[in-house]
Amino acid sequence: QESLVESGGGVVQAGGSLRLSCAASGLIFSNYVMGWFRQAPGKEREFVARITQRGWSTFYAESVKGRFTISRDNAKNTVSLQMNNLNPEDTAVYYCAADRALTNPSSDKSSEYDYWGQGTQVTVSS
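So, the overall build of the protein: which residues are in play, and what are the values?
On a plain count of helices and strands, the protein comes out with zero helices and 11 strands. Going from N to C terminus, the protein has its helices and strands arranged as β-β-β-β-β-β-β-β-β-β-β. Computed over its C-alpha atoms, the radius of gyration of the protein comes to 14 Å, within 12% of the 14 Å expected for a compact globule of 126 residues. When the backbone C-alpha atoms are referred to their principal axes, the protein occupies close to 40 × 25 × 25 Å. The buried share of the protein, taken over its 126 residues, is 40%. In the protein, the proportion of contacts linking residues at least 24 apart, taken out of those at least 6 apart, comes to 58%. For the protein, the accessible surface area stands at approximately 6,600 Å², while carbon and sulfur atoms represent 45% of it.

Residue-level account of the packing of aromatic side chains, with values.
Inspection of every chain in the model, using the stated rule, returns six aromatic pairs. Measuring from centroid to centroid gives 5.1 Å for F37 and Y113, while their planes differ by 80 degrees, and the two rings are edge-to-face. Of the two residues, F37 is situated in strand β4 (residues 33-39) and Y113 in the loop between β9 (92-99) and β10 (115-116); the sequence distance between them amounts to 76 residues. Of the two residues examined, F37 and Y113, each falls in the buried class.

Provide a residue-level description of the sheet that holds strand β8 (residues 78-83), including the pertinent values.
The sheet built from four strands is open, its strands ordered β1-β3-β8-β7 with antiparallel pairing. The sheet terminates laterally at β1 (3-7) and β7 (68-73), the two strands that pair on one side only. Between one strand and the next, the sheet's axes are offset by a mean angle of 15 degrees, whatever the strand orientation. Across six bridges, the pairing between β7 and β8 is antiparallel. Paired with T69 across the strands is Q82, a residue of β8.

Quick rundown of the pairing of strand β11 (residues 120-125)? Include the residues and the values.
Burial of the side chains of β11 is restricted to one face: T120, V122 and V124 are buried, whereas none of Q121, T123 and S125 on the reverse face is. Inspection of the sheet shows β9 paired to β11 by three bridges, in the antiparallel sense. Bridge pairing links A92 to V122 in β11.

Calculation criteria
Residues numbered from 1 in each chain as written. Predicted model: local features only at pLDDT ≥ 70, side-chain atom pairs only at ≥ 80, totals over all residues. Heavy atoms only, no water. Helix = DSSP H or I, 4+ residues; strand = E, 2+ residues; numbered from the N terminus. Rg over C-alpha atoms; globule rule 2.2 N^0.38 Å. Buried < 20%, exposed > 50% of the residue type's maximum accessible area, 1.4 Å probe, protein only. Contact = heavy atoms within 4.5 Å. Areas by Shrake-Rupley, 256 points an atom, 1.4 Å probe, with all protein chains shown as cover. Phe/Tyr/Trp six-rings, centres within 6.5 Å; stacked < 30°, edge-to-face > 60°. Pairing = 2+ DSSP bridges. Axes fitted to C-alpha atoms, helices over the stretch in contact; angles between N-to-C directions.

Here is the structure:
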């Protein structure tokens, strides 16, 4: 019923750009904090960026600050991640996630998120 579907992953050279999108269905999109996470082989899933319900606040991991931009369009039930100046360390599977955040403010902890997309592969070549 609830569904998050990512798109936009692919292979890009170092220094290039990529834009990921996530389309949500089966939930009241504007009620959810939306986040992006990534997981490289052999590593734990890590927080990348999140945006509050109405898009008033954004938060980024230090490693992507200044290079990545998260945005959302509540009329279209979508959240995007613009990634610029990519480097090989950005290579990972990227996941879109939704957090209802009823009792706590938005979080960078993956365990706080209620729904997850299937992931999209981003590979940055050197």
